[in-house]
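Reading the structure
For reference, the chains in residue letters:
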Amino acid sequence: MVFAHDTEMSLQAAVALVNTHEPPETLETVADLTAFFEAFGYTGRHDRTLAELEDVRTLRPRLRELLTADRDAAVEIVNDLLAEHHALPRLVRHAPLDWHIHAVPDDAPLATRVAVETAMAMIDVIRDDELSRLGICADDDCDGIVLDLSRNRSRRFCSVTCGNRNAVAAYRARQAAD
Ligand SMILES: [Zn+2]
Ligand SMILES: [Zn+2]
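A few points on the structure. (Residues numbered from 1 in each chain as written. Chains lettered and ligands numbered in written order. Predicted model: local features only at pLDDT ≥ 70, side-chain atom pairs only at ≥ 80, totals over all residues. Heavy atoms only, no water.)

**Looking at the coordination of the zinc ion (ligand 2)**
Geometrically, a metal with four donors at the corners of a regular tetrahedron has ideal angles of 109.5 degrees, and one with six donors at the corners of a regular octahedron has ideal angles of 90 or 180 degrees. Applied cut-off: The donor set comprises N, O and S atoms within 2.8 Å of the metal, extended to 3.2 Å for Na, K and Ca; water molecules are omitted, so apparent gaps in a site may simply reflect that omission. Geometry is assigned from donor-metal-donor angles: four donors are tetrahedral when every angle falls between 85 and 135 degrees, four are square planar and six octahedral when opposite donors sit over 155 degrees apart with all other angles between 65 and 115, and any other arrangement is irregular. By definition, any uninterrupted DSSP run of H or I lasting at least four residues is a helix, any uninterrupted run of E lasting at least two residues is a strand, and each is numbered from the N terminus.
Those donors, Cys 137 (SG), Cys 142 (SG), Cys 158 (SG) and Cys 162 (SG), are the protein atoms that reach the zinc ion (ligand 2), and they lie 2.3 to 2.4 Å from it. Around the zinc ion (ligand 2), the four donor atoms sit at angles spanning 101 to 115 degrees, and that spread fits a shape best called tetrahedral. When the donor residues of the zinc ion (ligand 2) are listed from N- to C-terminus, their spacing reads C-x4-C-x15-C-x3-C. Note that Cys 137 is positioned in the loop between strand E3 (134-136) and strand E4 (145-147) and Cys 158 in the loop between E4 and helix H6 (160-177), a separation of 21 residues in sequence.

So, in structure tokens, the structure goes:
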């Protein structure tokens, strides 16, 4: 593990959320947002409304900016997000997680919680000077974000789809060269 468990979970969720904006768009319905909520183990308030969906969709460009920023720029975005949402970190324990941090009330809107959790996670990334764990997909036609939490820093593609497409292309290129 590179970072604390809740930090890694928050980063994974934020990257997945930002990447839903890559074509083809995959966060279009309230059901899409519910699937995201469940896949990343969110708890607390979940309105299942179009307004909530719109707030989370609107958050994506800002999260993308944060996750792809250089270290000093990331600091400014983190500090802005924490101030804007009046973050007040506290330790909580609820199933299935051990002690971890919540920084806004559990009844805060989902978009607020995602924004603040991402900011809190980036605090660790910035302090450890590990921003190189975040990059852009090596696929020529994809701008998805890659989160590499592997020991040997071997991850180059944002998704299995991008990885497979490039493996096939590389295979064909070798065949053609033979
Ligand atoms: Zn929690
Ligand atoms: Zn990709």
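**A short note on the packing of aromatic side chains**
The line we're drawing: Pairing of aromatic rings covers Phe, Tyr and Trp, the last through its six-membered ring, and needs centres within 6.5 Å; plane angles under 30 degrees mean stacked, over 60 mean edge-to-face, and all others mean tilted. Exposure is judged per residue with a 1.4 Å probe applied to protein chains only, and the accessible area is read against the type maximum: over 50% gives exposed, under 20% gives buried, and values in between give partly exposed.
According to the stated counting rule, one finds three aromatic pairs in the structure shown. Taken together, a centroid distance of 5.5 Å and an interplanar angle of 35 degrees make the contact between Phe 36 and Tyr 42 tilted. You'll find Phe 36 and Tyr 42 in the same group, each marked buried. Between the aromatic rings of Phe 37 and Tyr 42, the centroid separation amounts to 5.7 Å while the plane-to-plane angle is 35 degrees, which identifies the pairing as tilted. For the pair Phe 37 and Tyr 42, a shared accessibility class is recorded, and that class is buried. Among the aromatic side chains, those forming a connected cluster through ring pairs are Phe 36, Phe 37, Phe 40 and Tyr 42.

**Structural notes on the side chain of Glu 130**
Keep this limit in mind: By definition, residues are in contact when any of their heavy atoms lie within 4.5 Å.
Assignment of secondary structure puts Glu 130 in the loop between helix H5 (110-127) and E3. Excluding residues within four positions of it along the chain, Glu 130 makes contact with Phe 3, Val 125 and Arg 153.

**Here we look at the layout of surface pockets**
Space left empty within the atom packing is revealed by a probe, the size of a water molecule, rolled over the atoms. Going by this rule: Method remark: on a 1 Å grid restricted to protein atoms, a set of points is classed as a cavity if a 1.4 Å probe fits but cannot get out and as a pocket if it is open with protein on both sides within 12 Å along at least five of seven lines; lining residues have an atom within 4 Å of a point. Grid points are joined across faces, edges and corners, and a volume is the space filled by probe spheres set on the points.
The computed volume of the largest pocket comes to approximately 500 Å³. Lining the largest pocket are 27 residues, with Asp 6, Ser 10, His 100, Ile 101 and Glu 117 sitting closest to its centre. Every element with two or more residues in the lining of the largest pocket is listed here: helix H1 (5-19), strand E2 (100-102) and H5. It is H5 that provides the largest number of residues to the lining of the largest pocket, a total of seven residues.

**Describing the side chain of Glu 52**
For clarity, the threshold we go by: Counted as positive: Lys and Arg. Counted as negative: Asp and Glu, with His and the chain ends omitted from the count. For this analysis, a salt bridge means a side-chain nitrogen from Lys or Arg found within 4 Å of a carboxyl oxygen belonging to Asp or Glu.
When you line up the elements, Glu 52 lands in helix H3 (residues 50-68). The buried charged residue Glu 52 lacks any salt bridge, with Arg 45 as its nearest oppositely charged partner at 5.5 Å. Beyond its immediate sequence surroundings of up to four residues, Glu 52 is in contact with Leu 33, Arg 45, His 46, Asp 47 and Leu 110.

**Focus: unusual backbone geometry**
That bond from Pro 23 to Pro 24 is cis: its omega, -5 degrees, falls within 30 degrees of zero. Among the secondary structure elements, Pro 24 is positioned in the loop between H1 and helix H2 (30-39). Residues Ala 95 and Pro 96 are joined by a peptide bond in cis, for which omega reads 0 degrees. Tracing the backbone through its elements, the reader meets Pro 96 in the loop between strand E1 (90-92) and E2. Of note in this structure, His 86 is not a glycine but carries a positive phi near 50 degrees. Mapped onto the elements of the fold, His 86 is located in the loop between helix H4 (71-84) and E1. His 86 sits in the exposed class, given a relative accessible area of 67%. Although it is not a glycine, Arg 153 adopts a positive phi angle of roughly 50 degrees. For Arg 153, the location among the structural elements is in the loop between E4 and H6. Note on Arg 153: relative accessible area 40%, which makes it partly exposed.

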